[in-house]
Amino acid sequence: MDKIPQSELIQVSLTINGQTQSYSVPPKQNLLDFLRKTGFKSVKNGCREGDCGMCTVLVNGVPAKSCLLFMQSMDGKSVETLESLGNEHNLHPLQKAFLETGAIQCGFCTPAQLLTAKAFLDKNKNPQPADVRKALSGVLCRCTGYVRIVDAVLRAAASMRGESLPPYVPSEYFYSKDISEVKLPAAYYRKDGNKAPLLPLVITPEKMPKLVEVGKPSQKVDGVKLVTGKPAFTDDVQPEGMLFGTLLTSPHAHARIRDIDTSAAKALPGVRAVITYKDIPRIKYATGGQSYPQPLPHDQVSLDNKVRHVGDRVAIVAADTLEIAEKALELIKVDYEVLEPVLDMRAAMEDGAPVIHDESDTEGIFDAKHNIVHHIEAEVGDVDGTFAACDHVFEGEFKTPKQQHGQMEPHVCITYFDEDSRLVVRTSTQVPFHVRRIIAPLIGLPIKDIRVVKPRIGGGFGGKQEVLLEDLCAHLTIATGKPVRMEYTRSQEFTSGRSRHRQIIHYKLGIKDEMLVANELRLIGDTGAYGTHGLTVNMVGGFKGLTLYNAPNSRFICDVVYTTTPPAGAYRGYGAMQEQFAVEALMEEIAEKLNLDVVAFKKKNWLKLGENMHMARKLGEGREGYDQAMATSALDECVKVGLEATDFYKKRELYKNQSGPVKRGIGMAVMIHGSGIAGLDMAAATIKMNDDGSFNLLIGATDLGTGSDTILAQMAAEQLGVPIEDMIVYSSDTDFTPFDKGAYASSTTYISGGAVVKAAKNVRGQILEQAAKMLKWDNPEELTILDRTVIAPDESAVTLQEVGLSSLHNLDQHQIMATESHVSYVSPPPTGAQFSEVKVNTETGEIEVERMLMIVDCGRVINPLTAAGQVEGGLAQALGFTMMEDTYYDEEGHITNDDFASYKMFKSDELPPLDVIFVQTDEPSGPYGAKSIAELSVDGTAPSMVSALHNATGVWYRDLPITPEKFKAGLK
């Protein structure tokens, strides 16, 4: 707030967490800002509009959105924040349950979820799942799918009733030769209509080795600080004397800036800096956080004299308060030459369309006059000749939406100079090392003078694999010499952030003897105003979209197109989900037209073990790739389990000839993804042994809610013979942790895990050598480590604490420590099967999703709870992509749904049961046999839903999202 005269302040008597005190406050200050300024950092800002629920506190025992409450209305009231619920030594049953069930992913919504649940359980001691879902519906969560949150509340309620609780451990079933040996528990058929959350199941081949720490549902290593509301996120720790930065954005979709007058803004008391394109060098770069060298074009500068979308950067301000900074923005006078916008990607490619990038200093644009950023062609075999010889040729065009990431924590960054005059960038990013490298030339500092620190991230999903605020915030710190904070508003997340690429997908498939022998994919991808991830997203889409059904004669033709819309970027699924939706849907259409069993037809054609992926070398990620073949797959087993658990064939037959407006349908799809980028991205890990036998694990890998800190600690603990509690994890600090490319491309488990296992093996070897000296044992390799103890064949032993003390203080003194790096030239595909069940009303257009079941082969499951959370959250996001989420514009390029009130995402009481079953394989190239999981989880929902809707109605839907209006239109 502005520094208000004392005479204008009011006195408010407020009881906060049981302590009553009188406060002098501005009457119009909201409760959210007051609480955070007073030190209650568990209260989060997600939108400032009352739509997301992140700022929920209890006011007189009732959940209330603190961003909507002014202090003038708070006199005499009682407020509870998460800080009052329990601490690490005395957790509330709700906090315990959230930890035990894996209900926490990023943790940004956790305080609001916990307080809302507390108020609910205070009134309802014995709730049903539907009651919990309804009670929590005012607090959004983008990570989890709400399954474990609901189960946590039910578990806490049982505990508070005095019931004895069984361990929260997923059941594991084993089979020797055929997965049909496994008899699923009755609950997983859901024949009784029960919608209560189910624990994930794990199905394992008997031949897989049994492990100790790997495979356990360990609690998150950072879970306690999140359930107790400790200041863990970027904005929770603010340096003294911090200024507030704001960003002036363009109101026009396409315009040239003739002049900017900042004199009035600079004259405003409290303003410390105003920066425009006139004040900083014009250094070309790309915002996408990708490995060096970043793909061209480098089509951006920090501040430009042309704007190319509503929300594009115009000027930045630093001031003593946020209010002063916002007033300064209003005083900046910009003279725009408004140019014609182009919002449609096909229109953008036409002759005479407005040229979006007409600057002369951008290299690497394929055809700037037609707004084509990239033109990609790749081909194997004899495509045209094979089509000519086919028994049948089928074609179909599909469209996918511009989905928003919708993470609960907005982009936020704080920059300052430390005591050594080095720039510290504290930022909510997925790619701290890429951030450091990318901003260095923009701000004129060498990399050695920049430290990037990633605190806890409140969700990312690819949207924070981008440099959006870091360079601007740094420019303001350099200009003022003071700490500066910048944060996007929720509207700016839509207009100035990133999104999924809108695509137009055209497949042509050639069938001979029921085999897919020729496949042509023509793709148009809308990258928005800047290239960012345009090349790589669409190349990945081409590769995955031509590899699930791996025709030996395949062709990919793609145009990536500029439009005057906010740029698209990286988003979970990264092109693969769009193309797999289209090819899966078309394959089922073909099966129906040829009167073939859809499952048998797909099985006959999907990628097989050992089969060369024909497009792998031609469609790497932004460059030539590497030859690939699938070494492990349980796709067949996943499908078998899904057919059994859903009673697929019986329901398919039952739903064939339904009468009346209410109809049901069941659908299925299969999918593959990848595990990291073959031959490109690298991760490193350092492990150091301490005096007490514990270990520091230092990793550059970025945990954005996925649980990677936890699973990497489990891998290290497995190798070192200790419980996970003995691993102290510190991640993502460019000064103190080794390099890691960051959290993207489904790479953390596989690539970062590979580095951790290598480092742990190295340290294990050093421990055995030291123990052998202590035990006077000749061959260290004959020793074993079990339960914090090194044991010799004669049963003599030393503890790890004794080894640590000996190595540091006594015998052959040295630090037991190792750093290892990992790169993989293969990217083993996780596989899976997705089943969806729907009930529709053909008169009203209502679509109710009754159940979603995903059966997953992600190699060995390192932690079944964190893995299940990834699947459940992915299913929820993908269902939004399929049914409701898109970005809409008016004719001038303004987004018309740039808030959580108008941009609809699923709430807790709107989602169906999301069930997860894992079928383990032992991937030889993966750490402990693991493959990836986070992105596979979004790939199968759209085609399985289209399959189910067709089963119910006989109509094929090719244009996503399938809103009620589109659904009804299709029926006509």
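Everything quoted here is computed from the prediction, not taken from an experiment.

This part covers the overall build of the chain. When helices and strands are counted, the chain shows 24 helices and 33 strands. For the chain, the spread of C-alpha atoms along the principal axes amounts to about 85 × 85 × 55 Å. Long-range contacts, defined as pairs at least 24 residues apart, comprise 78% of the intrachain contacts of the chain with a sequence gap of at least 6. Only carbon and sulfur atoms are counted for the fraction: they give 50% of the accessible area of the chain, which is about 33800 Å². Positive and negative charge centroids in the chain, built from 100 and 126 side chains respectively, lie 3 Å apart.

Okay, the packing of aromatic side chains next. If you walk through the whole model with that rule in mind, you get 10 aromatic pairs. Arranged with centres 5.4 Å apart and planes meeting at 65°, the rings of Phe494 and Tyr903 form a pair that is edge-to-face. Linking Phe494 in helix H13 (residues 490–495) with Tyr903 in the loop between helix H22 (864–883) and strand E33 (914–919), this pair joins segments that are 409 residues apart in sequence. With a centroid separation of 5.9 Å and 80° between ring planes, the pair formed by Phe648 and Phe835 is classed as edge-to-face.

Here we come to the environment of Asp391. Turning to its location among the elements, Asp391 is positioned in the loop between helix H10 (383–389) and strand E15 (392–400). The exposure class assigned to Asp391 is partly exposed, which follows from its relative accessible area of 41%. Of the polar contacts made by the side chain of Asp391, one reaches the backbone nitrogen of Asp513; its length is 2.8 Å.

Opposite charge on two side chains allows them to pair when their charged atoms are near. Summed over all chains, the structure comprises 59 salt bridges. Among the ionic pairs, Arg282 bridges to Asp361, the shortest N-O distance being 2.6 Å. One end of the pair, Arg282, is in the loop between strand E10 (271–275) and strand E11 (306–307); the other, Asp361, is in the loop between helix H9 (345–348) and strand E14 (372–380), with 79 residues separating them in the sequence. With relative accessibility at 39%, the residue Arg282 sits in the partly exposed group. Residue classification places Asp361 among the partly exposed positions, given a relative accessible area of 30%.

The subject of this paragraph is the sheet that holds strand E31 (residues 831–841). Strand order in this open sheet of 6 strands is E6-E7-E33-E32-E31-E23, and the pairing throughout is mixed. Each having just a single partner strand, strand E6 (172–175) and strand E23 (662–672) make up the two edges of the open sheet. Strand-to-strand twist across the sheet, computed as the mean angle between neighbouring axes with direction ignored, equals 15°. Note that E23 and E31 share 11 bridges and pair antiparallel. Looking across to E31, one finds that Ile666 is bridged to Glu837. Of the strands in this sheet, E6, strand E7 (201–205), E23, E31, strand E32 (847–857) and E33 are in contact with helix H17 (residues 635–646), which crosses E31 at around 30°. The sheet strands contacting helix H23 (residues 941–953) are E23, E31 and E32, and the helix crosses E23 at an angle near 150°.

The subject of this paragraph is helix H3 (residues 110–123). Across its 14 residues, H3 extends 20 Å between first and last C-alpha, which sits within 8% of the 20 Å expected from 1.5 Å per residue. Of all the 14 residues making up H3, 12 are buried; the element is thus mostly covered by neighbouring parts of the structure. Within the sequence span of H3, burial applies to Thr110, Pro111, Ala112, Gln113, Leu114, Leu115, Thr116, Ala117, Lys118, Ala119, Phe120 and Leu121.

On to the pairing of strand E18 (residues 450–453), then. Here E18 shows two buried faces, one formed by Ile450 and Val452 and the other by Arg451 and Val453. Bridge analysis of strand E17 (residues 423–427) against E18 gives 4 bridges, and the strand direction is parallel. Looking across to E18, one finds that Val424 is bridged to Arg451. As a crossover connection, the stretch from E17 through helix H11 (residues 432–443) into E18 is right-handed.

Interaxial distance between helix H2 (residues 93–101) and helix H5 (residues 147–160) falls to 8 Å at its minimum, and their mutual angle equals 135°. Accordingly, the angle class assigned to the pair H2 and H5 is oblique. Handedness of the crossing formed by H2 with H5: right-handed. Packed against H2, whose contacting residues are Pro93, Leu94, Ala97, Phe98, Glu100 and Thr101, the element H5 presents Arg148, Ile149, Asp151, Ala152, Val153, Arg155, Ala156, Ser159 and Met160 at the interface. Its residues placed into classes, the contact of H2 with H5 shows 9 nonpolar, 2 polar and 4 charged.

This paragraph deals with the sheet that holds strand E27 (residues 784–786). A sheet is described by the order of its strands in space; here 3 strands give the open sequence E27-E28-E29, paired in antiparallel fashion. The open sheet terminates on both sides in strands that have one partner only, identified here as E27 and strand E29 (797–799). Ignoring strand direction, the axes of neighbouring strands in this sheet form an average angle of 25°. Direction of pairing for E27 relative to strand E28 (residues 789–791): antiparallel, over a ladder of 3 bridges. Within E28, the residue paired with Ile785 across the bridge is Val790. Where helix H21 (residues 800–810) meets the sheet, its contacts fall on E27, E28 and E29, and the angle it forms with E29 comes to roughly 75°.

Our next topic: the nonpolar core. Core analysis: the biggest nonpolar cluster contains 166 residues, and Phe98, Val153, Tyr507, Phe556, Val639 and Phe918 have the highest contact counts within it. What Phe556 contacts, discounting residues up to four positions off in sequence, is Ile376, Glu377, Ala378, Leu521, Leu523, Asn538, Met539, Gly542, Leu546, Met615 and Leu619. The next biggest cluster of nonpolar side chains, apart from the first, holds 44 residues, and it includes Ala713, Ala717, Tyr750 and Leu783.

Counted residue by residue, strand E20 (residues 502–512) has 8 buried out of 11 residues, so it is predominantly covered. Here E15 pairs with E20 via 9 bridges, running antiparallel. In the sheet register, Phe398 faces E20, and the bridge partner there is Ile505. By the bridge criterion, 11 bridges tie E20 to strand E21 (residues 515–528) in an arrangement that is antiparallel. Within E21, the residue paired with Lys512 across the bridge is Met515. Linking E20 back to E21 in an antiparallel pair, the connection comprises 2 residues, with Asp513 at a positive phi of about 55°.

This part takes up the side chain of Asp236. Examined against the element boundaries, Asp236 turns out to sit in the loop between helix H6 (223–227) and strand E8 (243–249). Polar side-chain contacts of Asp236 include one of 2.9 Å to the side chain of Arg36. Engagement of the side chain of Asp236 in a polar contact is seen with the side chain of Lys44, the distance being 2.7 Å.

On to a nonpolar patch on the surface. Taken together, Tyr626, Val823 and Tyr825 make up a surface patch of nonpolar side chains, about 260 Å² in accessible area. Note that Tyr825 resides in the loop between strand E30 (817–822) and E31. Of the residues examined, Tyr825 reaches a relative accessible area of 48% and is grouped as partly exposed.

The next point concerns unusual backbone geometry. A cis amide bond links Leu296 to the next residue, Pro297, at an omega of 5°. Along the chain, the position of Pro297 falls in the loop between E10 and E11. Residue Pro961 follows Leu960 across a cis peptide bond; omega there is 0°. As for its placement among the helices and strands, Pro961 is situated in the loop between H23 and helix H24 (964–971). With phi around 60°, Asn371 is a residue other than glycine that occupies positive phi space. Within the secondary structure, Asn371 sits in the loop between H9 and E14.

For the chain, the assigned domains are domain 1 (6–84), domain 2 (198–210 + 631–675 + 828–971), domain 3 (231–594 + 615–628) and domain 4 (682–823). The gap between the C-alpha centroids of domain 1 and domain 4 is 45 Å.

Reading the values: rules and limits
- Residues numbered from 1 in each chain as written.
- Predicted model: local features only at pLDDT ≥ 70, side-chain atom pairs only at ≥ 80, totals over all residues.
- Heavy atoms only, no water.
- Helix = DSSP H or I, 4+ residues; strand = E, 2+ residues; numbered from the N terminus.
- Contact = heavy atoms within 4.5 Å.
- Areas by Shrake-Rupley, 256 points an atom, 1.4 Å probe, with all protein chains shown as cover.
- Lys, Arg positive; Asp, Glu negative; His and termini not counted.
- Charge placed at Lys NZ, Arg CZ, Asp CG, Glu CD.
- Phe/Tyr/Trp six-rings, centres within 6.5 Å; stacked < 30°, edge-to-face > 60°.
- Buried < 20%, exposed > 50% of the residue type's maximum accessible area, 1.4 Å probe, protein only.
- Polar contact = N/O pair within 3.5 Å; in protein donor to acceptor, adjacent residues only side chain to side chain.
- Salt bridge = Lys/Arg side-chain N within 4 Å of Asp/Glu carboxyl O.
- Pairing = 2+ DSSP bridges.
- Axes fitted to C-alpha atoms, helices over the stretch in contact; angles between N-to-C directions.
- Expected span 1.5 Å × (residues − 1).
- Right-handed = clockwise from strand over helix to strand, strands pointing away.
- Parallel < 35°, antiparallel > 145°, perpendicular 65-115°, else oblique.
- Left-handed = near helix turned anticlockwise from the far one by under 90°.
- Nonpolar A, V, L, I, M, F, W, Y, C, P; charged D, E, K, R; others polar.
- Core = buried A, V, L, I, M, F, W, Y, C linked by side-chain atoms within 4.5 Å.
- Patch = residues over 30% accessible without salt bridge, like charges linked within 9 Å, V, L, I, M, F, W, Y side chains within 5 Å.
- Domains from an automatic or database assignment.

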